[in-house]
Amino acid sequence: MTRNSRFPGFYRLSLEERRRLTAEALGLDVREMTRALSGGGIDCATADKTIENVVGTYALPFAFGLNIKVNGVDYVAPMVIEEPSVVAAASNAARIVRDGGGFHAEADLPIMISQVQLDDVADPASAARAIVEHKAELIALANRAVPSLVARGGGAVDLETRDLGDGIFVVHILVDCRDAMGANLVNTVAEEVAPRIASLTRGRMGLRILSNLSDQRCVRVRASIPVNALSLDAHSGEEVRDGIVRASRFAERDVYRATTHNKGVMNGVDAVVVATGNDWRAVEAGAHAYAARSGRYSPLCTWRVGDDGSLLGYLEMPLALGIVGGPSRVHQGARVALQACGVKSAQELAMVVACVGMASNLAALRALATDGIQRGHMLLHARTVAIAVGAVGDLVERVAEEIHLRGNVTMDGARLALARLTGNPAVDELDSARVVVTQ
Ligand code: NAD
């Protein structure tokens, strides 16, 4: 089945129509999808077995990011996020990237780092030699701890040693985790091999745990966007392109800007990571440590002008994601998300996630480089405000439009608009009271 991620006018459909359309296009059972997504994906009894001290569940909006083409293949990106405009902006930017042929992505092998700390190592050079000499034995020992991973083609593949000084010595066991995120797998490996490593290095055993700086497991994304696809309202494609490149240079030189720039990348990344039941704290920790790897915190995604005048984007970041294990086993929402996304491996998921990150960054920079981010943001924010004051059904859109047009996207403004639209006689009084108060 050729997958499609282009659904023009999707946002105008009802929620039921969106489910029906996507279920049909993605080969999903619409009833199953509805069941899984109506209740937030997890019931209280399951939640109670997942973590401790449970008193309920907590749902967030689940949406589909559209128009995403990666290496010639279409993907619908499941996105779970509370912030308005992220899904629309990423979908819109992904449509622009399609005009240049879509995203081109590559993912490293799914290799995680398992750390074994040794203290009081008197002779780090001979400790390192001992590890190299016993590499085959240590790898075999590690692999005995994770037979089911080895049976799937994964397992320990290499070792590294690092002398941190002051008697602190670290051994990294590199483990191919296949389609799992791998934290539990590599922790098991670390605990299994640590005693032997301690005896080989003549050190005192310390921590045995994965590193969340999964820099062996990076994704790289490139996109080339034709300049005329970038024009926005009165702004020419060249103007928008140059504005995006200037914004990139700003982030490359300034940590204050780089942080916000990367927050824009993580808007898209985290939404898909959460939807697919992955550990977003691990992804966040890894992303920001990677951004600071040169000693200066830098943008994960950068933009330049290509020789042909197109806008060139480049994103590189570590992504430790799984399509098996973790919560994907018990969370119905995560299961539907993975089915809808249609990825067959953790590496494929990582590429989709990184592309959504690039799309989010592009959307934010395109808005910032032109009229600023607030214009588009406020209309979407207005909907949240309308809901917060009790608007339901059609009234959400009508209240949102009114407060947006009036330039008064506030709870007070929304209350007034709602009262006016529902024919509440107190409106004029309220309006005049407000005028008096604000004068
Ligand atoms: P897991 O413990 O569920 O292990 C994955 C399981 O899936 C293994 O038993 C493996 O054999 C099996 N499996 C089935 N098909 C597979 C395939 N194709 N490829 C690979 N394995 C396959 O999960 P995990 O991925 O080891 O750990 C992830 C969990 O650990 C997450 O929930 C994460 O939040 C948590 N965690 C994270 C940290 C951290 O990031 N610092 C620390 C501890 C735990």
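Check the entry above for the structure.
What you are looking at is a predicted structure, and each value in this text was computed from that prediction instead of being measured.

*Asks:* I tried to follow the site of the ligand on my own but got confused; where do I start?
*Replies:* Neighbouring the ligand are 22 residues, the closest being S148, G182, N184, N212 and D279. A distance of 2.7 Å separates an oxygen atom of the ligand from a polar atom in the side chain of D279. Protein contact buries 74% of the 880 Å² of open area that the ligand shows by itself. Looking at the shell around the ligand, the elements with two or more residues in it are α7 (147-151) and α8 (183-201). Here the element with the most residues in the shell around the ligand is α8; it accounts for four residues.

*Asks:* Is there a simple way to think about the side chain of S345 in this case?
*Replies:* Here S345 lies in the loop between α12 (332-341) and α13 (346-368). In this structure the side chain of S345 is engaged in a polar contact, spanning 3.0 Å, whose partner is the backbone nitrogen of E348. Discounting chain neighbours no more than four positions away, the residues touching S345 are D179 and I323.

*Asks:* Help me out: how do you make sense of the nonpolar core in this one?
*Replies:* Side chains of nonpolar character tend, in soluble globular proteins, to be buried together. Of all hydrophobic cores here, the largest spans 63 residues; its most connected members are F103 and L319. Here the element with the most residues in this core is α13; it accounts for 13 residues. The contacts of F103, once residues within four sequence positions are left out, are I68, K69, V70, N71, A94, V97, V221, R222, A223, C355, M358 and A359. Core analysis: the next-biggest nonpolar cluster, separate from the first, contains 34 residues, I139, L159, I173 and A198 among them.

*Asks:* Explain empty space enclosed by the protein to me, please; I cannot follow it from the model alone.
*Replies:* A probe as big as a water molecule, rolled over the atoms, marks out the empty space that is left. Evaluated as defined, the whole model comprises one cavity of 30 Å³ or more. Of the voids in this model, the largest cavity is the one considered here, and its volume is about 60 Å³. Every residue along the wall of the largest cavity is listed here: A107, D108, P110, R217, C218, V219, L319, L321, A346, Q347 and A350. Elements with a contribution of two residues or more to the lining of the largest cavity: β8 (218-225) and α13. Taken together, the residues of the lining of the largest cavity sort by class into eight nonpolar, one polar and two charged.

*Asks:* Is there a simple way to explain the packing of helix α9 (residues 237-253) against α13 in this structure?
*Replies:* How two helices sit against one another is set out by the angle between their axes and by the gap between those axes. Across the interface, α9 lies against α13 with an axial gap of 9 Å and an inter-helix angle of 110°. Judged by the angle between their axes, α9 and α13 are roughly perpendicular. Crossing angle aside, the handedness with which α9 passes α13 is right-handed. Touching V240, I244 and A247 of α9 are L362, L365 and R366, all from α13.

Analysis parameters
- Residues numbered from 1 in each chain as written.
- Predicted model: local features only at pLDDT ≥ 70, side-chain atom pairs only at ≥ 80, totals over all residues.
- Heavy atoms only, no water.
- Near = heavy atom within 4 Å.
- Polar contact = N/O pair within 3.5 Å; in protein donor to acceptor, adjacent residues only side chain to side chain.
- Areas by Shrake-Rupley, 256 points an atom, 1.4 Å probe, with all protein chains shown as cover.
- Helix = DSSP H or I, 4+ residues; strand = E, 2+ residues; numbered from the N terminus.
- Contact = heavy atoms within 4.5 Å.
- Core = buried A, V, L, I, M, F, W, Y, C linked by side-chain atoms within 4.5 Å.
- Buried < 20%, exposed > 50% of the residue type's maximum accessible area, 1.4 Å probe, protein only.
- 1 Å grid on protein atoms, 1.4 Å probe; cavity = no way out; pocket = protein on both sides within 12 Å on 5 of 7 lines; lining within 4 Å.
- Points joined across faces, edges and corners; volume = space filled by probe spheres on them.
- Nonpolar A, V, L, I, M, F, W, Y, C, P; charged D, E, K, R; others polar.
- Axes fitted to C-alpha atoms, helices over the stretch in contact; angles between N-to-C directions.
- Parallel < 35°, antiparallel > 145°, perpendicular 65-115°, else oblique.
- Left-handed = near helix turned anticlockwise from the far one by under 90°.

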